[in-house]
Amino acid sequence: MEHALTVSPWASLAYLVAGVCFILALRGLSSPASSQRGNRFGIIGMTIAVVTTLVTHVPVVQHLLVSDAGPTMAVRTIDWVTVVEILAAIGVGAAIGLVTARRIAMTAMPQLVAAFHSLVGLAAVLVGVAAYLNPQAFGISDLVIPLIGQPFAVIHPVSRIELGLGVAIGAITFSGSVIAFLKLNGNMGGKPIMLPGRHVINIALLAGILGLIAYFVTDQSAWIFWTITVLSFVIGFLLIVPIGGADMPVVVSMLNSYSGWAAAAMGFTLHNSAMIITGALVGSSGAILSYIMCRAMNRSFISVIAGGFGQSSDAGGPAAASDRPWKRGSAEDAAFLMSQAEQVIIVPGYGMAVAQAQHVLREMGDKLKAEGVRVKYAIHPVAGRMPGHMNVLLAEANVPYDDVFELEDINSEFAQTDVAFVIGANDVTNPAAKTDKSSPIYGMPVLDVEKAKTVLFIKRSMGGVGYAGVDNDLFYRDNTMMLLADAKKMVEDIVKALD
């Protein structure tokens, strides 16, 4: 089977337009106010790229017509069987995507993102395998006919590098994303799983993969290709298993970057400029986002990859927490304090997401505004389980964009705030990050909620700790009142009390 058309200037222009749309999509998604427009640009760009690829790579079959009166003629016709198979695959994928998008809860968005990353990685691996098994169909080899023996295809050395890197990055993305999905979905515990000698094993595997890719340039033997693939699957698993739940926002953005580079590498293999542009955009933006997330946690990228953030601290824990005095409040107490305040800052966290309390939280904010209270929302960059998780949930609940502030924009206001209302945001409000050098979260920038006159903290019970595995000193401050209940139920009761 061959391609009916080669890449024409019009196809290159279409890919360029698609690339511009992707850039505009990233630009639009950088702000909640323009996110819908950015999403539309992404849809348009992907549609152009897919249609262009289908048109320029129509599968054809070649028939030989033998005539007694003249020379043999080659006639090309469209391979409709393959065309139907491709369209059927696209239809199945589109149906799955449409159903998933309509049914998925916004609280499950981190798991969905991790699952999508795994599919991108697996797609890169499958494309690499197909290219290795049939390199002539991808135009990455020359046919060599030896004097003795069967003819065989010799893959170009540069293409071997592209194949090796693409398959390796794709396999790491796939297995790493599967582990991230299991952690985010609750199928695996959020605490890191520390394997003995994991650093030595990881370094040895990485060195082995890079060495095999270099050797693959000189020898395209099957055992080298499949060893690279298997080792890459293994190290993707080993890299993510020891990473704790508190580092999940960085892991999600990191895997996003990996998926982009895998797609870019396969773009070179397929000679598809749209994949190269898209992969480079996703890879670079994911890398930048990972850097921003690491800065927000005051951690280096290497320390995140090394794992360990999420272990219980010796300095504190669930047992120690029960021995310290704390104050308990009710929904009526919270309603009275907030209704009498001039300003209330609401700090949402993963507990809000789990309870799906964003809609009733917005209702509570609206009622407070109706009573003349200034209401603002403070978002920590790593609150939740993926970058922008809280922003997504508040946007779904139609919280006005102007009421939502990032950490650096609102931290100075807590000292002049009457009530800080914390709903499930544990680690990102822990004062120990600023004072306790023995704490695993020491040095991570946190929201200064303890500076408010009164702190209302919604939590299921005093027995649990945050996803980083450490107790929160905020619970035991004199100005903190604990509201122990399911987050959604407690906010519903507060709304009733406000009425």
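In this report, the structure presented in the accompanying data block is examined. (Residues numbered from 1 in each chain as written. Predicted model: local features only at pLDDT ≥ 70, side-chain atom pairs only at ≥ 80, totals over all residues. Heavy atoms only, no water.)

**Things to note about the overall build of the protein**
Part 1 of the argument: The helix and strand inventory of the protein stands at 18 helices and 11 strands.
Part 2 of the argument: Of all 499 residues assigned to the protein, the portion counted as buried reaches 45%.
Part 3 of the argument: For the protein, the proportion of contacts with a sequence separation of at least 24, taken over those separated by at least 6, is 75%.
Part 4 of the argument: Total accessible area on the protein stands at roughly 23500 Å², and carbon and sulfur atoms take up 64% of it. (Helix = DSSP H or I, 4+ residues; strand = E, 2+ residues; numbered from the N terminus. Buried < 20%, exposed > 50% of the residue type's maximum accessible area, 1.4 Å probe, protein only. Contact = heavy atoms within 4.5 Å. Areas by Shrake-Rupley, 256 points an atom, 1.4 Å probe, with all protein chains shown as cover.)

**Things to note about the pairing of strand 7 (residues 374-379)**
Part 1 of the argument: Burial of strand 7 is extensive: five of the six residues sit out of reach of the surface.
Part 2 of the argument: Here strand 7 pairs with strand 8 (residues 404-406) via three bridges, running parallel. Following the sheet pairing, A378 is matched in strand 8 by F405.
Part 3 of the argument: With respect to chirality, the unit in which strand 7 leads through helix 15 (residues 389-396) into the neighbouring parallel strand 8 is right-handed. (Pairing = 2+ DSSP bridges. Right-handed = clockwise from strand over helix to strand, strands pointing away.)

**Re the environment of V167**
Part 1 of the argument: With respect to the secondary-structure elements, V167 resides in helix 5 (residues 157-184).
Part 2 of the argument: The contacts of V167, once residues within four sequence positions are left out, are V125, G128, F225, T229 and M266.

**Topic: helix 1 (residues 9-29)**
Part 1 of the argument: If you check helix 1, its first and last C-alpha atoms are 30 Å apart, about what 21 residues at 1.5 Å a residue would give, namely 30 Å.
Part 2 of the argument: The set of residues buried in helix 1 consists of A11, A14, Y15, A18, G19, C21, F22, A25 and G28.
Part 3 of the argument: Packed against the buried residues of helix 1 are helix 2 (35-56) and helix 9 (273-297). (Expected span 1.5 Å × (residues − 1).)

**Section: the sheet that holds strand 11 (residues 480-484)**
Part 1 of the argument: Across the sheet, six strands lie side by side as 8-7-6-9-10-11; this open sheet has parallel pairing. Where the open sheet ends on each side, the last strands, each with one partner, are strand 8 and strand 11. On average, each strand axis in the sheet is inclined to that of its neighbour by 25°, with strand direction left out of account.
Part 2 of the argument: This element, helix 14 (residues 358-370), spans strand 6 (343-348), strand 7 and strand 9 (419-423) of the sheet and lies at about 145° to strand 7.
Part 3 of the argument: Here helix 15 sits on the sheet in contact with strand 6, strand 7 and strand 8, set at roughly 145° to strand 7. (Axes fitted to C-alpha atoms, helices over the stretch in contact; angles between N-to-C directions.)

**Looking at the pairing of strand 10 (residues 454-459)**
Part 1 of the argument: For strand 10, the tally of buried residues reaches six of six residues, placing the bulk of the element in the interior.
Part 2 of the argument: Burial along strand 10 is two-sided: T454, L456 and I458 and V455, F457 and K459, pointing in opposite directions, are all buried.
Part 3 of the argument: Relative to strand 10, strand 9 is paired through five bridges, and the arrangement is parallel. Paired with I423 across the two strands is I458, which belongs to strand 10.

**Some details on the packing of helix 5 against helix 6 (residues 198-216)**
For any two helices packed against each other, one specifies the crossing angle of their axes together with the interaxial distance.
Part 1 of the argument: Following both chains from N to C, one finds helix 5 and helix 6 inclined at 155°, their axes separated by 8 Å at the closest point. The angle between helix 5 and helix 6 places the two elements in the roughly antiparallel class. Crossing angle aside, the handedness with which helix 5 passes helix 6 is right-handed. Facing R160, L163, G164, L165 and A168 of helix 5, the residues of helix 6 in contact are I209, I213 and F216.
Part 2 of the argument: Along the lines of polarity and charge, the residues of the contact of helix 5 with helix 6 split into six nonpolar, one polar and one charged. (Parallel < 35°, antiparallel > 145°, perpendicular 65-115°, else oblique. Left-handed = near helix turned anticlockwise from the far one by under 90°. Nonpolar A, V, L, I, M, F, W, Y, C, P; charged D, E, K, R; others polar.)

**Remarks on a nonpolar patch on the surface**
Part 1 of the argument: On the surface, W10, L13, L16, V17, V20 and L24 cluster together into a nonpolar patch covering about 590 Å² of accessible area.
Part 2 of the argument: In this structure, V17 sits in helix 1.
Part 3 of the argument: Assessed through its relative accessible area of 36%, V17 is described here as partly exposed. (Patch = residues over 30% accessible without salt bridge, like charges linked within 9 Å, V, L, I, M, F, W, Y side chains within 5 Å. Salt bridge = Lys/Arg side-chain N within 4 Å of Asp/Glu carboxyl O.)

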